[in-house]
Amino acid sequence: ISVGNPFRNASAKRVIIVGLDGMDPGLATRFMQEGRMPNFQRLAERGVFRPLDTSNPSMSPVAWSTFTTGTDPSRHGIYDFITRDPCTCAPMLSSTDIKDASRVLNIGRYMVPLGKPKIKLLRKGTPFWKLLGDKHIHSIIQRVPITFPPEPFRGLLLSGMCVPDLRGSQGTFSFFSTASGDAGQAAFTGGEQTVLRRNKQGVIRSRIVGPDNSLEKGHPRLTLPFSLIESKDRRSARLEIDGCEPIELELQRYSDWITLTFDAGLGIKITGIVRFYLMSLDPDVNLYMTPIHIDPENPAMPISHPKIYSVYLAKKQGPFATLGLAEDTWALNERVIDEKAFFDQAMLICDEREQMFFDALEHRKQGLVTTVFDTTDRIQHMFYRYLDPTHPANRDKESSAYAGAIARTYERMDGMLGKLLDQVGDDDRTVVMVMSDHGFTNFRRGVNLNTWLRDEGYLVLKDGAETSGDWFEHVDWSRTRAFSLGLTGIFVNRKGRERSGIVEEGDAYVTLIAEIMRKLEALVDPENGQRCIRKVRSAIASADGPYRYDAPDLLVGYEGGYRNSWECATGAVTPEVFTDNTKSWSGDHCVDPDIVPGVFFCNRAITVERPHIADISSSVMRLFGQQPGRHMQGKMIFAEGGAAAKVAGPLDPACLTQSGSAPGALVHPEPVVERREAANA
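Quick look at the structure, then. Owing to the predicted nature of the structure, the values given are computational and were not obtained by experimental measurement.

Quick word on the overall build of the protein
The helix and strand inventory of the protein stands at 14 helices and 34 strands. Expected size for 681 residues packed as a compact globule is a radius of gyration near 26 Å; at 25 Å, the protein falls within 12% of this value. Counting all 681 residues of the protein, 59% fall into the buried class. A separation of at least 24 residues holds for 68% of the contacts in the protein among residues at least 6 apart in sequence. In the structure as shown, the protein presents an accessible area of about 26,300 Å², 49% of it carried by carbon and sulfur atoms. Both charge centroids of the protein, one from 80 positive and one from 85 negative side chains, sit 5 Å from each other.

Next up, the structure:
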């Protein structure tokens, strides 16, 4: 069946979207003014550079879902990384539901699944690249968050954020050490430690812990024995893993990707890939292993559409990181690895992403190419303390060696952009956009909303307890009216929604949320006398989509410098409401969305003063001459029908000023906004 020319009404034959997660307009402006980002300056001069309004909440799974569907969270249903199960109040992943096969055949100690495991994407709405594919305009989509499992469409897709590791977690690292400690294993947040012992021959023997064996009753963990033999000069070591060729490990240098093969029985083998990093050999042996990534050449779970796409990329460029949160932030937070190891890891992953991005450009001369780079986000999270000499996270840590890490990362992305612009040249039928999902700010102080709710009488603990462990361990649900889980929200314990709900609908509910909103917006940090919360919004009152009832009842928009504390995010209740953030994770964006807009660069000028991340998908549809889906809420930001293309009005510098931020928070300068039409504007 002939479909004619799908580009007959298009004003662009190719659209290239480079997603730089977390790139901040204020920092981008600073580095452009310092001459560190000449290619971004070139792109701004040719077209436009503007702040890009983000979603509420201003976090990656929410914002990228808005980008993907062109809708607000009340229509795509993603409000955080995690939410609570209303039946149990236990945490559950917001984006994906994974269940084993419902029926099995018992053969001795084995349980053979009759059917495939069920993996369901929980994000609602239709991706705009599927709508384009339905019109025979093909796309290559790489590492856009909340695309696991991949949805079929006419195009190629490699899933991004929320792809699990081989163990089914969002990333569990391993740390092997001869340092004194309890024998066996110790737990870190995000990882596990194994204490190593040398045998009489001086050889260290241990094992790698892999995924659960779902074929065997009791689901025991699959393991792989290994030996570590130190060199005589103690500058390197040989790693021998069952089933692998020996690997020579050099000090403070990552190994290549190594394929691990676990034997599940019945002839079934499961493969994953890891890198090792030998931190030290003297006085203690300290060996770090990344989480076990799904092997892109032989994926145990679907990570691409079609399945052969990840296999093709692995054959073309070698193994690559597949874990959604590939840069191991928790290993640095727990000080298992240092800044050098984290930075090197992030750059290796960035190199892989750049290689697959340019491969996509080579194969997609018309249609859509979209690749998201996470590097900017991860480096800012972990190195923001270097921008603030008074940051609490600098205590007991060196604070100068990686002072330029964020600038180096922005420069790294500028170099990649330069190659892209040189490749595109003067092709006016190719639209190049560079965008981020949000910006960044300081994270100096944590706020435990559960502790505040306890102090105000909205959350009650059992048996007179004053504190509670993770996941609401000691919460008395029969007397609790509100609680917090995740990074931005407060849930009301509503009758008929939560299993043990006590708050009646109607006046009781409305009165309660109004009271909490009023009190929270007046909350003051006793350390400095500043308000810590800019705005609290009712999720139900501020949106009208069908999934607004799945949202936290209240969305808390912090001032710069503040965020939900680490303990609050996991449902714990601590003695104090306010605590210093001393973790390496020292920058964040889970604040009021007005504080952290993203960036929007393009080689074409736009017609609106403040583009929104929801506008991108609708605008791309129209660039290709197609009507946006009826569900999409964004507007067209490019000129149509020969209209003059220019940015309307001057930029308001206040949009980039973090007013009310804690001491040390950065005040962003106004972006440099230049365009070819400036002389005629």
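Points about the side chain of Thr329
Mapped onto the secondary structure, Thr329 falls in helix H7 (residues 329–333). When near neighbours in sequence (up to four residues on either side) are disregarded, Thr329 contacts Phe342, Arg378, Met382 and Trp585.

What about the packing of aromatic side chains?
Evaluation of the coordinates by the stated rule reveals 28 aromatic pairs. When the ring centre of Tyr547 is taken as reference, the NZ or CZ atom of Lys124 above it lies at 4.9 Å. Seen from the ring of Tyr509, Arg494 lies directly overhead, with NZ or CZ sitting 4.1 Å from the centre.

Overview of helix H1 (residues 25–33)
Most of H1 sits inside the fold, with 7 of its 9 residues counted as buried. Looking at the packing, one finds that the buried side of H1 touches helix H2 (38–46), strand E2 (48–52), helix H9 (375–383), helix H10 (405–424) and strand E34 (598–602). Sitting at the head of H1, Asp24 places a side-chain oxygen 2.9 Å from the backbone nitrogen of Gly26. A positive backbone phi angle near 80 degrees is found at Gly35, which sits one or two residues after H1.

Things to note about the state of the cysteines
Working definition of a disulfide: a covalent bond connecting the sulfur atoms of two cysteines. Counting across every chain of the model gives 0 disulfides. With no disulfide of its own, Cys162 lies 13 Å from the sulfur of Cys590, the closest cysteine sulfur.

Examining the sheet that holds strand E29 (residues 533–538)
Across the sheet, 4 strands lie side by side as E27-E28-E30-E29; this open sheet has antiparallel pairing. The open sheet has two edge strands, strand E27 (482–484) and E29, and neither has a second partner. The sheet shows a mean angle of 25 degrees between the axes of neighbouring strands, taken without regard to direction. In the sheet, strand E28 (residues 489–492) pairs with strand E30 (residues 554–558) via 2 bridges, with the strands oriented antiparallel. Within the sheet, the bridge partner assigned to Ile490 lies in E30 and is Leu554. Across the sheet, helix H12 (residues 507–521) touches E27, E28, E29 and E30, and the angle it forms with E29 is around 170 degrees.

Describing the sheet that holds strand E19 (residues 268–274)
Strands sit in the order E18-E19-E22 across an open sheet of 3 strands; the sheet is antiparallel. Two strands close off the open sheet at either side, each with one partner strand: strand E18 (258–265) and strand E22 (293–294). For E19 and E22, the ladder comprises 2 bridges, and the chain directions are antiparallel. Residue pairing across strands places Gly272 opposite Ile294, the latter belonging to E22.

Points about the pattern of salt bridges
Under the defined criterion, the tally for this structure stands at 49 salt bridges. The salt bridge involving Glu192 is made with Arg167; its shortest N-O contact spans 3.2 Å. Of this pair, Glu192 sits in strand E13 (residues 191–195) while Arg167 sits in the loop between strand E10 (155–158) and strand E11 (173–177), and the two are 25 residues apart along the sequence. With relative accessibility at 17%, the residue Arg167 sits in the buried group. A salt bridge links Glu354 to Lys419, with the nearest nitrogen and oxygen atoms 2.3 Å apart. Taken together, the residues Glu354 in helix H8 (residues 339–363) and Lys419 in helix H10 connect sequence positions 65 residues apart.

Details of the environment of Pro117
Structurally, Pro117 can be placed in the loop between strand E7 (110–113) and strand E8 (118–121). The spatial distance from the C-alpha of Pro117 to the C-alpha of Pro283 is 46 Å, given a sequence separation of 166 residues.

Here's the deal with the side chain of Ser174
Considering the arrangement of structural elements, one finds Ser174 in strand E11. Look past the residues within four positions of Ser174 in its chain and what remains in contact with it is Glu192, Leu287, Tyr288 and Met289.

Observations concerning the environment of Phe601
One can find Phe601 in strand E34. Considering only alpha carbons, one finds Phe601 and Pro283, 318 residues apart in sequence, at a separation of 50 Å. Phe601 has contacts with Met32, Phe40, Leu43, Ala44, Val48, Phe49, Val432, Met433 and Val434, leaving out every residue within four places of it along the chain.

Observations concerning the packing of H1 against H10
Relative orientation and spacing of two packed helices are given, respectively, by the angle between their axes and the distance between those axes. Orientation of H1 relative to H10, taken along the N-to-C sense of each, is 80 degrees, at an axis distance of 11 Å. For the element pair H1 / H10, the angle class is roughly perpendicular. Residues Leu27, Ala28 and Phe31 of H1 form the contact with H10, whose participating residues are Ile406, Ala407 and Tyr410. Its residues assigned to classes, the contact of H1 with H10 shows 6 nonpolar, no polar and no charged.

Some words on unusual backbone geometry
Going from Asn56 to Pro57, the amide bond is cis rather than trans, its omega being 5 degrees. Considering the arrangement of structural elements, one finds Pro57 in the loop between E2 and helix H3 (60–69). A cis amide bond links Asp282 with the next residue in sequence, Pro283, at an omega value of 5 degrees. In this model, Arg234 sits at a positive phi of 60 degrees, which is unusual for a non-glycine residue. In this fold, Arg234 is placed in the loop between strand E15 (221–230) and strand E16 (236–241). Residue class for Arg234 comes out partly exposed when judged on its relative accessible area of 29%. Its identity as a non-glycine residue notwithstanding, Phe472 has a phi of 60 degrees, on the positive side. Considering the arrangement of structural elements, one finds Phe472 in the loop between helix H11 (449–455) and E27. Judged by its relative accessible area of 4%, Phe472 is buried.

Quick look at the packing of H9 against H10
Between H9 and H10, the least distance of the axes is 9 Å, while the angle of their chain directions is 175 degrees. In terms of axis orientation, H9 runs roughly antiparallel to H10. Residues Thr375, Thr376, Ile379, Gln380 and Phe383 of H9 pack against Ala405, Ile406, Thr409, Tyr410 and Met413 of H10.

About the criteria used
Residues numbered from 1 in each chain as written. Predicted model: local features only at pLDDT ≥ 70, side-chain atom pairs only at ≥ 80, totals over all residues. Heavy atoms only, no water. Helix = DSSP H or I, 4+ residues; strand = E, 2+ residues; numbered from the N terminus. Rg over C-alpha atoms; globule rule 2.2 N^0.38 Å. Buried < 20%, exposed > 50% of the residue type's maximum accessible area, 1.4 Å probe, protein only. Contact = heavy atoms within 4.5 Å. Areas by Shrake-Rupley, 256 points an atom, 1.4 Å probe, with all protein chains shown as cover. Lys, Arg positive; Asp, Glu negative; His and termini not counted. Charge placed at Lys NZ, Arg CZ, Asp CG, Glu CD. Phe/Tyr/Trp six-rings, centres within 6.5 Å; stacked < 30°, edge-to-face > 60°. Lys NZ or Arg CZ within 6 Å of the ring centre and 35° of its normal. Polar contact = N/O pair within 3.5 Å; in protein donor to acceptor, adjacent residues only side chain to side chain. Disulfide = S-S within 2.5 Å. Pairing = 2+ DSSP bridges. Axes fitted to C-alpha atoms, helices over the stretch in contact; angles between N-to-C directions. Salt bridge = Lys/Arg side-chain N within 4 Å of Asp/Glu carboxyl O. Parallel < 35°, antiparallel > 145°, perpendicular 65-115°, else oblique. Nonpolar A, V, L, I, M, F, W, Y, C, P; charged D, E, K, R; others polar.

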